[in-house]
Amino acid sequence: MSIGGQPPIAAGKVPFLDTAVDSFRFVFSNLGRFFALGWLPLVIDIAFSMTSGFLTETGSGESRSLTDWVTYIVLLAAPIAMYVLFAVRWHRFFLLEERESVFSEIFAARDWRFIFATRDWRFLGYTTLLFYLPFVLVLIVFVVGFETFFFWALPGIGRLASTETLLLILMGLYALAAATLLNILLRFSLVLPATAIDRPLTLGKAWDKMRGNSWRFIGAAWLGPGMVMIIEEYYFHPSTRPVGGYGSQFAIDVIVFSALADLLATAVGITVLSKFYRHIVGMEAPEGDEGGAATGSA
């Protein structure tokens, strides 16, 4: 922020460890708000997991029809839409102390925009551009690469290593490429809170403003929502589900707790990003912030 006509002072380094801890503290200090905004995304996520689970159990990928795949994609759109609504509302809650319900975005929509307001469409566009589309492209490249490799290279080098070993190497390369791409794309993340509070940034400005804090943000992101996802993967991995499948009580419990963990990770991640945005842009914290986390070190 500029003062008295002076040029704005560059933001200092963000303390990533304090930011991650404070983000957890903020979410758990505002659990009422968390569930007020998150109950609908939670219900839809659970319904999607149950429905997609039944679709998976009713047929293999080879025998599944085009209708099944279209149904799956349509079902997937619902939890993504709810994520966008939750993310926008949580950004606005943290940065503006706005306390409208999740339905306020739905009722604010006009004409042919369905359940989304303008800012939600922009937020969805940036989310797709940064975190969905690139990974789809990387996946396509690796699928084509797998097919090419097995058709041309495997017969010649199969005697040097087992097929399982080669698959593990290729999957490891894919995971490394995806992780590297994600870490690069995270530098553009400031466009998301800026869009949510109607103060849009271009991708170029978002990249420049994150300079000097990129690795700190990556560290805070992995320490925040990343830890939740690691714990979820350890305790709620699909391999822990019994033979009874998605219809068993244990499997239903796993789906419910996994959806709750996903939403918690989302809220913590949004808080981390909001804290970085406020520190870097120079935005003042709202008065009377619940839990005090918003005015803590960021």
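The following paragraphs examine the structure supplied in this document. (Residues numbered from 1 in each chain as written. Predicted model: local features only at pLDDT ≥ 70, side-chain atom pairs only at ≥ 80, totals over all residues. Heavy atoms only, no water.)

Regarding the packing of aromatic side chains
Right, so step 1: Overall, the coordinates contain ten aromatic pairs when judged by the stated rule.
Right, so step 2: Here the aromatic rings of phenylalanine 26 and tryptophan 90 are separated by 6.0 Å at their centres, their planes lie at 80 degrees, and the arrangement is edge-to-face. Residue phenylalanine 26 is located in helix H1 (residues 16-29), and its partner tryptophan 90 is located in helix H3 (residues 66-96); the two are separated by 64 residues in the primary sequence. For the pair formed by phenylalanine 26 and tryptophan 90, the shared burial category is buried.
Right, so step 3: Relative to phenylalanine 276, the ring of phenylalanine 217 has its centre 5.2 Å away and its plane inclined at 70 degrees; by these criteria the two rings are edge-to-face. Of the two residues, phenylalanine 217 is situated in helix H9 (residues 214-223) and phenylalanine 276 in helix H11 (residues 249-281); the sequence distance between them amounts to 59 residues. Here phenylalanine 217 matches phenylalanine 276 in class, with each residue buried. (Phe/Tyr/Trp six-rings, centres within 6.5 Å; stacked < 30°, edge-to-face > 60°. Helix = DSSP H or I, 4+ residues; strand = E, 2+ residues; numbered from the N terminus. Buried < 20%, exposed > 50% of the residue type's maximum accessible area, 1.4 Å probe, protein only.)

What to know about H1
Right, so step 1: Taking 1.5 Å as the rise per residue, H1 with 14 residues should run 20 Å; its terminal C-alpha atoms sit 20 Å apart, in good agreement.
Right, so step 2: Of the positions making up H1, those classed as buried are Thr19, Ala20, Asp22, Ser23, Phe26 and Val27. (Expected span 1.5 Å × (residues − 1).)

Focus: the environment of phenylalanine 34
Right, so step 1: The topology assignment puts phenylalanine 34 in helix H2 (residues 31-57).
Right, so step 2: On the basis of relative accessible area, phenylalanine 34 is assigned to the buried category, the value being 2%.
Right, so step 3: For the pair phenylalanine 34 and leucine 263, spaced 229 residues apart in the sequence, the C-alpha separation amounts to 9.0 Å.

Some points on the side chain of serine 189
Right, so step 1: Locating serine 189 in the fold gives a position in the loop between helix H6 (163-185) and helix H7 (191-196).
Right, so step 2: We classify serine 189 as buried; its relative accessible area is 2%.
Right, so step 3: Among the polar contacts made by the side chain of serine 189, one reaches the main-chain carbonyl oxygen of leucine 186 at a distance of 2.7 Å.
Right, so step 4: The residues contacting serine 189, other than those within four sequence positions of it, are Phe131, Phe217 and Leu273. (Polar contact = N/O pair within 3.5 Å; in protein donor to acceptor, adjacent residues only side chain to side chain. Contact = heavy atoms within 4.5 Å.)

Topic: the nonpolar core
Right, so step 1: Residues Phe34, Phe86, Trp90, Leu190 and Tyr277 are the most contacted members of the largest nonpolar core, which totals 52 residues.
Right, so step 2: Only H1, H2, H3, helix H5 (118-157), H6, H7, H9 and H11 provide two or more residues apiece to this core.
Right, so step 3: The leading source of residues in this core is H11, at 14 residues.
Right, so step 4: When near neighbours in sequence (up to four residues on either side) are disregarded, phenylalanine 34 contacts Val27, Phe86, Trp90, Leu260, Leu263, Leu264 and Ala267. (Core = buried A, V, L, I, M, F, W, Y, C linked by side-chain atoms within 4.5 Å.)

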